[in-house]
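# Per-entry structural report
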Amino acid sequence: MDCLIHGGRIVDGTGRPPYQGDVLIRRDEIAAVGQVDEPEGIWKIDAQGLVVTPGLIDAHTHAELALMQNRQQPNALYQGISTMVVGQCGLGFAPVEPDDLENAIQMNSGIFGRLPESCPRWRSFSEFLGLLDGCAVNVGAMVSHNAVRQIACGYRNLPLTGERLVVALSALDQALSEGALGLSVGLSYYPGGYSDTKELIELCRAVQKRDALFCVHMRLDVNNPDFKPMNEIARVAEETLVRTNMLHHRTGGFEPYTDVTAPFERAIKAGAQVSFEFYPYLVGSGLVLAVVPDWAQEGGPDEILRRLESKELRPRLMKDLEHRYGFFFPDGATGRIYLTRDRYSPDRGRTIDEIAREHGETPCEAVVRLLIENRLEVGFNGVEFKSKALQDKLYDDQYHLFMDDRYTVGSDSIPSGGLSHPRTSGAFARILSQMRRRGVPMETVIRKLSGKPAEIYHLNDRGTLQPGKKADVCLMDYERVEDGADESFTRRKPEGISTLFVNGLPVMREGTLTGELSGRALTRGK
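Rules used in this analysis
Residues numbered from 1 in each chain as written. Predicted model: local features only at pLDDT ≥ 70, side-chain atom pairs only at ≥ 80, totals over all residues. Heavy atoms only, no water. Core = buried A, V, L, I, M, F, W, Y, C linked by side-chain atoms within 4.5 Å. Buried < 20%, exposed > 50% of the residue type's maximum accessible area, 1.4 Å probe, protein only. Contact = heavy atoms within 4.5 Å. Helix = DSSP H or I, 4+ residues; strand = E, 2+ residues; numbered from the N terminus. Pairing = 2+ DSSP bridges. Right-handed = clockwise from strand over helix to strand, strands pointing away. 1 Å grid on protein atoms, 1.4 Å probe; cavity = no way out; pocket = protein on both sides within 12 Å on 5 of 7 lines; lining within 4 Å. Points joined across faces, edges and corners; volume = space filled by probe spheres on them. Nonpolar A, V, L, I, M, F, W, Y, C, P; charged D, E, K, R; others polar. Polar contact = N/O pair within 3.5 Å; in protein donor to acceptor, adjacent residues only side chain to side chain. Salt bridge = Lys/Arg side-chain N within 4 Å of Asp/Glu carboxyl O.

Once that is clear, we can look at the nonpolar core. Judged by nonpolar contacts, the single largest core of 146 residues is most densely connected at W122, L432 and Y457. In this structure W122 touches L65, M68, F93, A94, V96, L101, L115, E127, F128 and L131, once residues within four positions along its chain are discounted. Counting residues in hydrophobic clusters, the runner-up holds 16 residues, among them I25, I30, L465 and F501.

What follows is the structure, encoded as structure tokens:
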């Protein structure tokens with residue numbers, strides 16, 4: 001199904017200014033870009049009045065289990081996203097011991113939900129990646145720190161030293177050899193949070209040897225006010241020179257926006273490549289289990305539930321949980337429950353505070369009860385609570401960070417659950433419209449969402465409109481692009497993005513999904 005996209009305004013993802021021209025697609029590749037003679041009998045799309053861009057790349061998602069259940073991923077296609085990266089924040093499921101997959105899924109079910117029995121299971125990273133082939137989008141994957149640790153020592157709070165370190169390094173290297181884009185860590189989640197800085201350095205030396213990427217969800221500084229999470233990662237980058245990408249890395253208060261990049265300048269001067277990303281919202285989303293203290297999460301799902309139900313441990317649990325809760329929900333903030341084990345639960349769509357008041361309990365008591373009742377499968381969306389002045393300041397900060405060439409955007413999307421955070425269906429349309437209004441050149445915006453992430457993740461066949469590249473191509477009415485998803489309807493489609501090709505086939509035409517599943521599982525360098 002060769003195609004000529006004719007007469008559009010081409011923004012090719014390299015940062016080059018827009019120009020009028022054509023894009024010729026032959027099978028799954030871009031054959032020509034510019035002024036193209038029309039081949040006889042070819043399918044022709046009139047793109048006059050439209051902007052033609054590379055398919056956008058969302059390199060921060062938690063969509064792996066959702067992709068196995070819905071290969072269309074409409075929330076991505078409607079935004080012009082042709083490639084997704086999964087396995088971020090240290091949360092992932094490959095490699096895995098055969099008897100541990102269900103435990104791993106249950107531990108993280110507050111983000112991923114469950115995997116139906118009808119879906120195939122896997123053990124190796126390559127088997128897992130193979131199951132993501134044939135979606136409507138291309139899918140690349142990080143190997144997660146949690147998965148590597150679970151291979152080495154399960155869910156125990158043990159240092160990776162000696163034989164455990166040997167096992168972990170072997171599992172990591174095998175996953176990298178099977179095409180993982182790099183290693184991701186989520187140091188506020190467990191068991192990855194049981195690691196120390198020395199462990200991260202050892203693992204990152206192995207990542208650096210393969211020129212793979214180290215993606216970081218930082219540690220909380222809950223129990224040590226002198227500990228600086230950014231300094232820890234800056235040290236890892238400086239000592240190993242591993243290519244490092246900081247996930248959802250932005251300001252959260254009245255601090256100068258330069259504070260979030262300053263700790264890394266020394267590592268960069270030493271030769272480390274450090275990049276950053278954020279999503280264009282002020283509150284996030286996550287699993288409610290994350291607010292449970294570290295000691296109570298050791299041992300896996302059954303042990304966690306035993307501790308949550310224990311009357312003897314309840315005083316200690318509540319004391320430590322209240323301390324950790326304040327890091328997730330400071331100054332009276334709360335979260336809105338979007339995912340529960342029971343799809344018909346009346347708690348869905350209500351805040352933790354509202355649920356607690358109804359039951360005559362504190363928010364922390366409500367958290368424990370919800371986790372027990374749902375066997376850990378509880379997810380929340382943040383609820384905006386900041387003052388108008390702080391909101392304006394934080395959005396200004398996001399603009400300044402966006403203009404730093406080291407920054408890209410990742411949605412951090414969590415597609416599970418019908419009430420998922422608006423970023424799942426709106427992050428890319430939102431950043432397009434926000435930066436357009438601020439007068440950022442179109443070519444800069446598009447490069448940040450296509451060519452730049454392709455460079456960072458070594459997706460060498462993607463990200464730009466150039467002959468020989470894979471034909472991931474998006475058509476949009478750039479001036480009309482707007483996000484529609486908000487708290488009242490988190491799945492509302494964006495406007496202005498009309499047609500999307502993935503590997504030369506149209507997965508969306510004029511705003512309608514076609515049913516094509518032409519996406520491929522991507523390995524590093526492809």
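Along strand β10 (residues 182-186), five of the five residues are buried, which leaves the element largely enclosed by surrounding structure. Bridging between strand β9 (residues 143-144) and β10 involves two bridges; their strand directions are parallel. The partner of S144 across the bridge, within β10, is S184. For β10 and strand β11 (residues 213-217), the ladder comprises five bridges, and the chain directions are parallel. Bridge pairing links L183 to F214 in β11. The parallel pair β10 and β11, bridged by helix α8 (residues 197-209), forms a crossover whose chirality is right-handed.

This part takes up the layout of surface pockets. The computed volume of the second largest pocket comes to approximately 510 Å³. Split into classes, the residues belonging to the lining of the second largest pocket amount to nine nonpolar, nine polar and eight charged.

Okay, the environment of Y281 next. Relative to the helices and strands, Y281 is located in the loop between β13 (274-278) and β14 (285-287). Assessed through its relative accessible area of 6%, Y281 is described here as buried. Spatially, the C-alpha atom of Y281 lies 23 Å from that of P263, the residues being 18 residues apart in sequence. In this structure Y281 touches R250, Y395, Q398, H421, P422, R423, G426, A427, R430 and D483, once residues within four positions along its chain are discounted. At a separation of 3.4 Å, a polar atom in the side chain of Y281 contacts the main-chain amide nitrogen of A427.

On inspection of all chains with the given rule, the structure shows two cavities of 30 Å³ or more. Estimated volume of the largest cavity: approximately 40 Å³. M107, N108, Y189, Y190, L287, L289, A290 and Q297 are the residues that line the largest cavity. By volume, the second largest cavity amounts to about 40 Å³.

Let us look at the pattern of salt bridges. Overall, the coordinates contain 41 salt bridges when judged by the stated rule. Among the ionic pairs, R210 bridges to D173, the shortest N-O distance being 2.7 Å. Taken together, the residues R210 in the loop between α8 and β11 and D173 in helix α7 (residues 162-177) connect sequence positions 37 residues apart. The residue K452 makes a salt bridge to D405 at a minimum N-O spacing of 3.8 Å. Taken as a pair, K452 in helix α18 (residues 451-456) and D405 in the loop between α15 (388-402) and β17 (407-409) lie far apart in primary sequence, 47 residues in all. Accessibility expressed as a relative area gives 12% for K452, which makes it buried. Shared partners join several salt bridges into a network, and the residues in it are D28, E29, K470 and R520.

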